[in-house]
Each structure stands twice: as structure tokens, then as C-alpha cells.
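# Working through the structure, step by step
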Amino acid sequence: MNKGTVAVAMSVYCADNPKFVKEAIESILNQSYTSFTLYIAVDGQVGKHLSSCLRDYESNHKIVLLYFPENKGLAQRLNDIIKIASENRFKYLARMDADDVSYTRRLETQVEYLEKNPQVDVLGSGLNEINENGSFLFKKIAVQEHKILVKNIIKKCPFNHPTVVFKMSIFSKEGFRYKSELKNTQDYYLWVDLLAAGKVFSNIEKPLLDFRIDDNFYKRRGLNKAINDFKSRLYAMKHLNNRSLTNLVHVLVLFTLRVSPPVIKKFAYKYLR
């Protein structure tokens, strides 16, 4: 059975808000581009409200629900989806988070770009940040040019992870995967590994997704996240031969901000980027 051109990868777990999950799913089902299958990995046990939300989609032919008894984190569940999607011979893999909203023409725009630019291996886009109520907070324009993305990778992540579309061959033929032992920063390590292998990055500058930010967004960026961010930048400096004093200073400043109180992180995220 032909499941389409694009596999969309989403993972949900017990802390996800059923209302936001429904909005995320519906935003994919309402895409103008229809040659896709949405894979939803249910990472461990979930509450009755989220379970009820997911059951509503069990009969939808565009969705494959994958239930896992244990919570093992986003990276592991993305790898699980990648394995299944690779076996079904999709051409592209698109990321989607369980609390974001893809714009109607997101997949259409990204697939069209990749078809016209076959040298590009990974494609992201800009996004609009929204709050818990869906109100606009900030417009984040993405950098398009590969050389600039590589040059700035220590100081700035090249992609907004939920907006990314990959060539499936990266996974199915070359064997790349997320580092499943990581509970965060798994996307950054993958970007470094792909760049080290000579893969080409690009972004569509304009926003194609609403990215939801709530108070927990800043609280989640605590000590463990700070340590992983620090290690990931050192990893990038080593593997991409990108060592410099300015980069090291930036990493130390970033670490300091990551371990600061939430109110300072919130200020820095808003004004210092």
C-alpha cells in the first residue's frame, strides 16, 4: 500500500495537553499537500483525556498510531518512526511537535522547494511564536544560505526543529539517527553529524508553523539542558573544526543564561537573540 511521499513524525507523552495535540494533528490533516502519512508515537502511558483524543484518530487512514509501554523520550520515538518510515519507502520525513500548528501550505511549500533544489538534504523554515492561548508573540525568520548556517552553528541552531523536512535517504540509506540517550539537544547533535558528513542545509525564510511557548518552556531549560547545550557546542567545535575564542565565550555565556532564574531566561530569550 502506498502511504505517500512524506512521513510526518510526531511524538506525544503524558504531559502533553490534549487540546494542543488535537490542534497539531488537525493542522497536518488539513494540509494542502495530501501525499503523507502522519506517524504518532505514544511514548508511554498517557492520561484518559489524551488517550481519548488519540482514539478519535485510530480509524483515520492518514494516521498511524504507535503505542509504546515505556516512556523513553523524543529521540528514541523519532528513531522508532524513522525505522518504520524507512521500510515504507517515503521520500521525505517531516517533523511535527505535539503542541505546534503547521500552516496549511507548509508541506506543499517545503516539498516544492526540495524538488526544485535537489542538492538540499535538510530544509527548515521560519516560525511564529505563540502563547498558550494562541496569541502571537514573535516572528522568527530563518536563515536560508547553507554557508551562513554552518558559520553560525556554534552561536545559533541552524533549524527550528519542528519545521524540518529531511530527505529520507539520510536515514534509510546512510543510517543517521538521533542520539536516543539524550533527553534534549538531540536535534543539535544530528545537525552536527550531518554537516560533518557534508550534507546541505537550507531554510525557507518565512514562517510555516506556529511554535507554542508557555511558562514551562523556560522552566524546562534548567541545569541538565544547560549542561547538554554546553557539551553539544564543544562537540560541534571538535567535529566541525570550528574552535575560536569568540565561540568559546559565547558557549560560556549561553551556559550562564541557561542556569539563571526563569525570569532572566525569559528576558534573554525575548531580547538577546
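Cut-offs and rules
Residues numbered from 1 in each chain as written. Predicted model: local features only at pLDDT ≥ 70, side-chain atom pairs only at ≥ 80, totals over all residues. Heavy atoms only, no water. Salt bridge = Lys/Arg side-chain N within 4 Å of Asp/Glu carboxyl O. Helix = DSSP H or I, 4+ residues; strand = E, 2+ residues; numbered from the N terminus. Buried < 20%, exposed > 50% of the residue type's maximum accessible area, 1.4 Å probe, protein only. Axes fitted to C-alpha atoms, helices over the stretch in contact; angles between N-to-C directions. Parallel < 35°, antiparallel > 145°, perpendicular 65-115°, else oblique. Left-handed = near helix turned anticlockwise from the far one by under 90°. Contact = heavy atoms within 4.5 Å. Nonpolar A, V, L, I, M, F, W, Y, C, P; charged D, E, K, R; others polar. Polar contact = N/O pair within 3.5 Å; in protein donor to acceptor, adjacent residues only side chain to side chain.

## Some words on the pattern of salt bridges
According to the stated counting rule, one finds 14 salt bridges in the structure shown. In this structure, arginine 105 and glutamate 108 form a salt bridge, with 3.2 Å as the shortest nitrogen-oxygen distance. For glutamate 112, the salt bridge goes to lysine 116, with nearest N and O atoms at 3.2 Å. Taken together, the residues glutamate 112 and lysine 116, both in helix 4 (residues 106–116) and 4 residues apart, mark about one turn of the helix. Judged by its relative accessible area of 60%, lysine 116 is exposed. Residues participating in the shared-partner salt-bridge network are Lys19, Glu23 and Arg212.

## Section: the packing of helix 1 (residues 18–29) against helix 2 (residues 48–55)
Helix-helix packing: each pair is described by the crossing angle between the helix axes and the interaxial distance. Where helix 1 meets helix 2, the closest approach of the two axes is 9 Å, and the angle between their N-to-C directions is 20°. Classified by the interaxial angle, the pair formed by helix 1 and helix 2 is roughly parallel. Both helix 1 and helix 2 take part in a crossing whose hand is right-handed. From helix 1, Pro18, Val21, Lys22 and Ile25 reach across to helix 2, where they touch His49, Leu50, Cys53 and Leu54. Here the residues of the contact of helix 1 with helix 2 sort into 6 nonpolar, 1 polar and 1 charged.

## Overview of the environment of lysine 183
Mapped onto the fold, lysine 183 is located in the loop between helix 6 (169–172) and helix 7 (186–196). With relative accessibility at 56%, the residue lysine 183 sits in the exposed group. For the pair lysine 183 and alanine 24, spaced 159 residues apart in sequence, the C-alpha to C-alpha distance is 22 Å. For lysine 183, the residues in contact, after removing those within four places along its chain, are Lys72 and Gly73. Separated by 2.7 Å, the side chain of lysine 183 and the backbone oxygen of lysine 72 make a polar contact.

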